[in-house]
Amino acid sequence: MATIEMKNASGEAVESIDLNAAVFGIEPNIPVMHQVVRAQRAGWRQGTHDTKTRGQVRGGGRKPWRQKGTGHARQGTIRAPQWAGGGVVFGPHPRSYAFRVNNKEIKLSMRSALSAKLADGELVVVDGFGFEEPKTKAAVAAFKALGIEGRTTLIIGDEDVNAYLSFRNLPKVTVIPASMMNTYDFLDNKNLVITVEALKRIEEVLA
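Residues numbered from 1 in each chain as written. Predicted model: local features only at pLDDT ≥ 70, side-chain atom pairs only at ≥ 80, totals over all residues. Heavy atoms only, no water.

> I tried to follow helix H2 (residues 30–44) on my own but got confused; where do I start?
Quick reminder: α-helices carry 3.6 residues per turn. Residues three or four places apart thus point the same way. Taking 1.5 Å per residue as the helical rise, H2 with its 15 residues ought to reach 21 Å, and the 21 Å between its terminal C-alpha atoms agrees with that figure. Restricting attention to buried positions, one finds in H2 the residues Val32, Met33, Val36, Val37, Ala39, Gln40 and Ala42. Buried-residue contacts for H2 involve helix H3 (103–119) and helix H6 (183–188). (Helix = DSSP H or I, 4+ residues; strand = E, 2+ residues; numbered from the N terminus. Expected span 1.5 Å × (residues − 1). Buried < 20%, exposed > 50% of the residue type's maximum accessible area, 1.4 Å probe, protein only. Contact = heavy atoms within 4.5 Å.)

Pasting the structure below:
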């Protein structure tokens, strides 16, 4: 069973806690993580791009010249694709890029990402921040005490509103409640900080 030092907001080690080996101690499945992240990013695409076909471009109702005897190639409309201002052949049209991934694969990818973060020493567990009111200055001080620099994903409990409001203004920090955890946010940033409350929720869902 994997263990990790739990710290407080002052950066001091509080105690050593055991992590569920089924969540934090597996061999990372890279192909599944790749598949799930692709599905997430594809689902974010708006797919609102559109081009006009020759039947949708305005104008071109009259044949530009007669069929024979001009020396030109025969043409039926000036809105054909080979004309400037004409329609587009095989251009993009509104569509959904989303594709489905099995729930078992989604959970496996999250377990793989968490295990990889722990193995790489990029996982930090905090017993809580205890902010009595939202204060970004206190959030900056907490991360400085924990020795956390660079891009960071912070996973907090769903009810920890003050922590969310305190950290959300930091430009290199992505704050998400435990109920919205996902593989992309686990992997997108270098550091992964989890509160004890969120850790319980993660092990409950993924174990």
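> For this particular structure, what's the right way to read the packing of aromatic side chains?
Each pair of aromatic rings is reported with the distance of its centres and the angle of its planes. Under the criterion given, the structure shown has six aromatic pairs. Seen from their ring centres, Phe131 and Phe167 are 5.9 Å apart, and the 35 degrees between their planes marks the pair as tilted. Of this pair, Phe131 sits in the loop between strand E3 (123–126) and helix H4 (136–146) while Phe167 sits in helix H5 (residues 161–167), and the two are 36 residues apart along the sequence. The exposure class assigned to Phe167 is buried, which follows from its relative accessible area of 0%. Look at Phe143 and Phe167: their rings are 4.8 Å apart centre to centre, the planes differ by 40 degrees, and that puts the pair in the tilted class. Taken together, the residues Phe143 in helix H4 and Phe167 in helix H5 connect sequence positions 24 residues apart. (Phe/Tyr/Trp six-rings, centres within 6.5 Å; stacked < 30°, edge-to-face > 60°.)

> How should I be thinking about the pattern of salt bridges in this particular structure?
Two side chains with opposite charge may pair up if their charged atoms get near one another. By the definition in use, this model includes four salt bridges. Across the pair Glu204 and Arg201 runs a salt bridge, and its minimum N-O distance is 3.9 Å. With Glu204 and Arg201 both in helix H7 (residues 196–206) and three residues apart, the pair spans about one turn of that helix. Of the residues examined, Glu204 reaches a relative accessible area of 61% and is grouped as exposed. Through salt bridges with shared partners, one network takes in Lys117, Glu122 and Lys190. (Salt bridge = Lys/Arg side-chain N within 4 Å of Asp/Glu carboxyl O.)

> Mind showing me how you'd approach unusual backbone geometry here?
Excluding glycine, residues mostly carry a negative phi; peptide bonds, for their part, are mostly trans. Unusually for a residue other than glycine, Phe90 sits at a positive phi of about 55 degrees. Note on placement: Phe90 falls in the loop between H2 and H3.

> I would appreciate a short explanation of the packing of H3 against H7 in the present structure.
The relative placement of two packed helices is expressed as an angle between their axes plus a distance between the axes. Two elements in contact, H3 and H7, have axes whose closest approach is 10 Å; the angle formed by their N-to-C orientations is 135 degrees. Classified by the interaxial angle, the pair formed by H3 and H7 is oblique. The crossing of H3 and H7 is left-handed. Contacts from Lys107, Met110, Arg111 and Leu114 of H3 reach H7 at Ile202, Val205 and Leu206. Classifying every residue of the contact of H3 with H7 by side-chain character gives five nonpolar, no polar and two charged. (Axes fitted to C-alpha atoms, helices over the stretch in contact; angles between N-to-C directions. Parallel < 35°, antiparallel > 145°, perpendicular 65-115°, else oblique. Left-handed = near helix turned anticlockwise from the far one by under 90°. Nonpolar A, V, L, I, M, F, W, Y, C, P; charged D, E, K, R; others polar.)

> Where do I start with the nonpolar core in this structure?
Grouped burial of nonpolar side chains is what soluble globular proteins tend to show. With 25 residues, the main nonpolar core has Leu114, Ile155 and Ile194 as its most contacted residues. Elements represented by at least two residues in this core include exactly strand E1 (2–7), strand E2 (13–19), helix H1 (21–24), H3, E3, strand E6 (191–195) and H7. Here this core takes five residues from H7, the largest share from any one element. Ile155 has contacts with Ile176, Pro177, Ala178, Phe186, Leu192, Val193, Ile194, Thr195, Ala198 and Ile202, leaving out every residue within four places of it along the chain. In terms of nonpolar packing, the next biggest core, distinct from the first, is built from 17 residues, Val126, Phe143, Val173 and Val175 among them. (Core = buried A, V, L, I, M, F, W, Y, C linked by side-chain atoms within 4.5 Å.)

> What is the right way to read the pairing of E2 from this model?
Within a regular beta strand, the side chains point alternately toward one face of the sheet and then the other, so they alternate between its two faces. Strand direction decides the pairing type here: E1 and E2, joined by six bridges, are antiparallel. Counted as the bridge partner of Thr3 is Asp18 from E2. The hairpin turn running from E1 into E2, its antiparallel successor, is five residues long, and Gly11 in that turn takes a positive phi close to 85 degrees. (Pairing = 2+ DSSP bridges.)

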